[in-house]
Every structure is written in structure tokens, then in C-alpha cells.
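Coordinate inspection notes
So you can see what is in the structure, the chains are spelled out below.
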Amino acid sequence: MQTITITGGQTLHGQIRPAGAKNSVLPLLAATLLCGAPCRLCGVPRLADVDTSLALLRAVGAKAVRKGADICTQPAAPEVLCGEIPEALAGAMRSSVFYLAPLLCRAGSVRLPLPGGCRLGPRPVDIHLAGLAAMGAQVELEGEAVMLRRLGPLRGVDFTLRLPSVGATITLLLAACCAQGTTVLRGAACEPEVCDLAGFLRACGAQITGAGTPVIVVQGRRALGGVSYTPLPDRIAAATYAAALAAAGGQVAVTGCLPQYYGAFLHFLQDCGVQIEPDGDTVRLARDPARPLRGGQQLFANAWPAFATDTAPLAAAVLLRADAPSEIYDHLFADRFACAAGFAAMGAVCTAAGRRLTIAGGARLHGAAVTAPDLRGGAALAVAALAAEGTTQLRDPGHIRRGYADLPGDLAALGAVCRAAAG
Ligand code: EPZ
């Protein structure tokens, strides 16, 4: 357990560059299992989920090592790969699900115990399984684990996802690269991280068109080589720094991340009264802390290009002190706002009822002892603490380090009074 201590009331100044995106890096690491030559992923942040992925790759027989900021992988022959994903690694992160398709294709079978990750409400994997079954996989449920086998090669299909799941689109994109013939994925997720995976696979030799639109077409069975690839910058980390500036006031430049990757969030901050000045891949943000933020916001989190669900708790943290009530509705996750209890402990008046968070606004926040309920909820509590009077002790049972290499260090570098200690 780490405790992050934040004393609010300091404005933030300086510039900060988000690292490579967690939600790009994790599928890319799984995708390297499909490659017949070494790969290098450049600028990979030291996240707990990256460490878990490296452990998982090694556990199934692949070779992956960190070299400074990069991760280097070696191709693994099918006979050295094992399709048994250890329970502790599967349960440590949701992204263990990204190993289903590569191991099914390369090792011939895969057993995945229940994937872990943030508890945001039910997170079934039915679309992943339905798509793989349509490609010819045999799917069996063994208690809380799923077992997949294939007798011959997977075959290309025309498959419609019942909703644009990011994870299922990634699974089926990976499987389609190995399947015989053409796969058409309809109703696919359009998130930038899906495009990034397609970019990586294309650079390795895959033939993929339409990534970033709801219809992706893959010509399968191309031998994939290796590549040196730099993942996208982390748009959710960029939004986190922007939210921190909005809560605390000051002047901050977020560099190295195109504003369109978190455009909906920047638009929201502008509506609240934050000055936003985009300049290439830099966004300069400024806010006078003496002037209240504008509330009265109605936000709807949904799949790309809508307001991102991962930024919904961050938006909530910004709105706690705004001059009027606001409401956020999350279409994707049934329990996105577990951070509301922490906000309330800090003096906010807000109510989470299912997918809806209602925020009274006008709160005078004070420091409190709070616990990170999940990754983005934990980051949101840190953002709220920047605007609170006094000191907040944010206990983190390991969620925040799954998505930010050093959030307390990042905030301190911008001038926040913030430090982390074990225990
Ligand atoms: C990815 O999760 C991200 N995680 C999440 O990031 C992000 O919140 C989410 O996409 C939405 O953008 C990673 O990329 C590792 P989904 P994923 O499948 O793939 C339902 C973070 O903090 N669904 O698009 O799990 C599901 O229950 C996080 O970085 C099914 O019903 O998201 C949810 O309601 C957490 N059946 C909705 O779809 C399925 O088979 C969206 O989930 C799959 C999903």
C-alpha cells in the first residue's frame, strides 16, 4: 500500500509530457507474440501493468526484457509457448484478456482464469469469445476460467460486435491477422489505441484497413516480422494533468500529445472557464484560482469520439467546487463513480446512483483520509486534493501505479505539495 500525501492550495506551473499510453502498450506487448522477429517498443512507462505483462509473456515462454525506457521482445516458436496463463497474472489486470487470441493462434490452446482490473461494474468477455468462436475456436468455460482450443487455423469471418468494445476489437484484430482469409469486423471500437495497434501490426506486415472506423478489414495469414515502434502518448494521463491544472489553477503546458486525442476533455475544461491554447502537439492551459469554475455541465461518457469514460472521474473532481450543479452519466461502466465516497469525505456534495453522478458544486473541500477505489478514481481523488484546504492522505492499494508511473512525482514537478510513502 502506498500513501500519497497532498496539501492543497498551491497553483501549478511548468510543462509536462505524458508517457506512452498504457492502453496502447498493453495490447502491443501481447501482439509481439504474433511476430516472427524481434520487436522494440520505445518509451514504455514503468507501470505495474507493464511489469505484469512482462511476467505474463515470460510465464508463457516468450522472451521480453526492459532495456532502459524500451522493451525488447524475441520471437518464440510455437513449441516453446504454453497457453496456461497463471491465475495471479490474469487476476492482476484486465489486459490479460489480450493474450487469448495470440496464444490461441500460436500455441493452439489457451486457458485464461478470470481477468482482473478495475472494478467498474460487470466486465464480461462475451464479445471476445463470440468473435473467436465464429472464427472456429472451441470455447469452454471451466469454472471461472475460459478454455479455448483450435483444431486447424482460425478462419476469416464477417463479424458484428454487439457493442464497440475496445478490448474485443483488439482481440479480434489480433486473431484476424492469423486467420485464413479475410475478416470484416463491423461495429468495431474506433479509439486511438485500436488505430495504434493496427499501425503496429501493419508495420509488422499485416494487411489491415479501416482501423479508426467501425468497419475494419483484415487479410489474414501474412507472416508478421518485427519492428521498432513508439506507442501513442497517453491521452488519459494528458487529461489528468489538465484536470490537475483546472483544479489547482496556474499555468501548465502539456506537451507531446495532440489535443485531438483528448479534445472532448479540453472542450469540457474550456466550458468550465479554463483557458486552452493548442499549439501543435502542445496544449497550454491557464486558470486564475481566484475565479470559480463554471458548473452547470452535463457530461455523457461513451465510446470514442465521445467524452472518454476514463476521464469522467477527473471531470467530477474538477466540478466539485464549480459555481453550479453538474451531472455526469457513464454509458459504458455501471460503477464508474466509486470515487464519490472519497469526494464526500473531502466535503463535496455528490451522489453516485448507478451510472449517474450528481455534483452539487460550490464545495469547500478539505483534506481527508481517502482510499483510491480504482485507477482513474484514485487519480481523481488526487486532483480533488490539490484544491482542498489542508492535507489529504490518499491510500492506494496499488491502483494508481497500474496507470501512472509516478503521479505524485509528476504533480510535485508542477509545484504541488505532494509526496508518496510506502505504508
Ligand atoms: C478498455 O477497457 C480500457 N482498458 C479501459 O481503460 C477503458 O475504460 C475502456 O476500454 C473504455 O474505453 C484497456 O484498454 C486495458 P470495453 P475494456 O471492452 O477493453 C462491455 C483505464 O483506466 N463489454 O470497451 O475492458 C463492458 O462491460 C481503463 O485505463 C461487454 O459487455 O473496455 C463495458 O460496459 C479501465 N462484453 C463496455 O463493453 C465484452 O465482451 C466497454 O468495455 C466486452 C465489453
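Residues numbered from 1 in each chain as written. Predicted model: local features only at pLDDT ≥ 70, side-chain atom pairs only at ≥ 80, totals over all residues. Heavy atoms only, no water.

As annotated in an unreviewed UniProt entry, the protein carries the name UDP-N-acetylglucosamine 1-carboxyvinyltransferase and is attributed to Candidatus Gemmiger excrementipullorum. Under the Pathway (unreviewed entry) heading, UniProt states for the protein: "Cell wall biogenesis; peptidoglycan biosynthesis." According to UniProt, the comment filed for the protein under the heading Catalytic activity (unreviewed entry) is "phosphoenolpyruvate + UDP-N-acetyl-alpha-D-glucosamine = UDP-N-acetyl-3-O-(1-carboxyvinyl)-alpha-D-glucosamine + phosphate". (UniProt positions renumbered as here; feature names shortened; annotations may be inferred.)

Time to look at the overall build of the protein. If you tally the helices and strands in the protein, you get 13 helices and 23 strands. Relative to its length of 423 residues, the protein is compact, with a C-alpha radius of gyration of 21 Å against a globular reference of 22 Å. Judged by the C-alpha coordinates and their principal axes, the protein covers about 65 × 45 × 40 Å. Counting across all 423 residues of the protein, residues that qualify as buried make up 56%. (Helix = DSSP H or I, 4+ residues; strand = E, 2+ residues; numbered from the N terminus. Rg over C-alpha atoms; globule rule 2.2 N^0.38 Å. Buried < 20%, exposed > 50% of the residue type's maximum accessible area, 1.4 Å probe, protein only.)

Considering the arrangement of structural elements, one finds Arg 287 in strand 16 (residues 282-287). Lacking a salt bridge, the buried Arg 287 has Asp 288 as its closest oppositely charged neighbour, with an N-O distance of 6.8 Å. A polar atom in the side chain of Arg 287 sits 2.6 Å from the backbone oxygen of Ala 246. Polar contacts involving the side chain of Arg 287 include one to the main-chain carbonyl oxygen of Pro 289, which spans 3.4 Å. Residue contacts for Arg 287: discarding those within four places in its chain leaves Leu 245, Ala 246, Ala 247, Ala 248, Gly 249, Gly 250, Val 274, Pro 292, Leu 293 and Arg 321. (Lys, Arg positive; Asp, Glu negative; His and termini not counted. Salt bridge = Lys/Arg side-chain N within 4 Å of Asp/Glu carboxyl O. Polar contact = N/O pair within 3.5 Å; in protein donor to acceptor, adjacent residues only side chain to side chain. Contact = heavy atoms within 4.5 Å.)

Let's shift gears to the side chain of Ser 165. Along the chain, the position of Ser 165 falls in the loop between strand 9 (158-160) and helix 6 (166-178). Dropping the residues within four chain positions of it, Ser 165 is found in contact with Ile 127, His 128 and Ala 189.

Here Trp 304 and Pro 305 are connected by a cis peptide whose omega angle stands at 10 degrees. Relative to the helices and strands, Pro 305 resides in the loop between strand 17 (298-301) and helix 10 (312-319).

This part is about the sheet that holds strand 8 (residues 145-149). Here we have three strands laid out as an open sheet, ordered 6-8-7, and antiparallel in their pairing. Only two strands of the sheet have a single partner each, and these edge strands are strand 6 (109-113) and strand 7 (138-142). The average undirected angle you get between the axes of adjacent strands in this sheet is 15 degrees. In the sheet, strand 7 pairs with strand 8 via five bridges, with the strands oriented antiparallel. Bridge pairing in strand 8 links Glu 140 to Met 147. (Pairing = 2+ DSSP bridges. Axes fitted to C-alpha atoms, helices over the stretch in contact; angles between N-to-C directions.)

The next subject is the site of the ligand. Close contacts around the ligand come from 24 residues, with Asp 126, Ser 165, Val 166, Asp 310 and Leu 332 the closest. Between the ligand and the protein, one listed contact pairs an oxygen atom with a side-chain N or O atom of Arg 94 at 3.2 Å. Within the contact set of the ligand, an oxygen atom lies 3.3 Å away from a backbone nitrogen or oxygen of Pro 124. Isolated, the ligand exposes 830 Å² of accessible area, and the fraction of that covered by the protein chains is 93%. The cavity where the ligand resides is the largest pocket. Listing elements by their share of the shell around the ligand, those giving two or more residues are helix 1 (22-31), helix 5 (126-134), helix 6 and helix 12 (375-386). (Near = heavy atom within 4 Å. Areas by Shrake-Rupley, 256 points an atom, 1.4 Å probe, with all protein chains shown as cover. 1 Å grid on protein atoms, 1.4 Å probe; cavity = no way out; pocket = protein on both sides within 12 Å on 5 of 7 lines; lining within 4 Å. Sits in = over half its atoms within 2 Å of the grid points.)

Before going further, it helps to examine the sheet that holds strand 15 (residues 275-279). The strand order across the open sheet built from four strands is 2-14-16-15, with neighbouring strands paired in mixed fashion. On the outer flanks of this sheet lie strand 2 (12-16) and strand 15, each paired with one strand and no other. On average, each strand axis in the sheet is inclined to that of its neighbour by 10 degrees, with strand direction left out of account. Pairing between strand 14 (residues 250-254) and strand 16: five bridges, direction antiparallel. Opposite Ala 253, over in strand 16, you have Arg 284 as the bridge partner. The sheet strands contacting helix 8 (residues 235-248) are strand 2, strand 14 and strand 16, and the helix crosses strand 16 at an angle near 20 degrees.

For the rest of this paragraph, the subject is the environment of Ala 134. Mapped onto the fold, Ala 134 is located in helix 5. Those residues within four positions of Ala 134 in sequence are excluded, and the remaining contacts are Arg 155, Val 157 and Phe 159.

For the coordinates displayed, the defined rule picks out four aromatic pairs. Summarising the aromatic geometry, the rings of Phe 200 and Tyr 229 are spaced 5.5 Å apart at their centres and angled 85 degrees between planes, so their arrangement reads as edge-to-face. Here the residue Phe 200 occupies a position in helix 7 (residues 192-203), and Tyr 229 occupies one in strand 13 (residues 228-229), the gap between them amounting to 29 residues. You'll find Phe 200 and Tyr 229 in the same group, each marked buried. A ring pair is formed by Phe 265 and Phe 268, whose centres lie 5.5 Å apart and whose planes are at 55 degrees; its orientation type is tilted. Placement of the pair is Phe 265 and Phe 268 together in helix 9 (residues 263-272), with a separation of three residues, close to one helical turn. There is no split in this pair, since Phe 265 and Phe 268 are both buried. Here the aromatic cluster, defined as three or more aromatic residues joined through ring pairs, consists of Phe 265, Phe 268 and Phe 307. (Phe/Tyr/Trp six-rings, centres within 6.5 Å; stacked < 30°, edge-to-face > 60°.)

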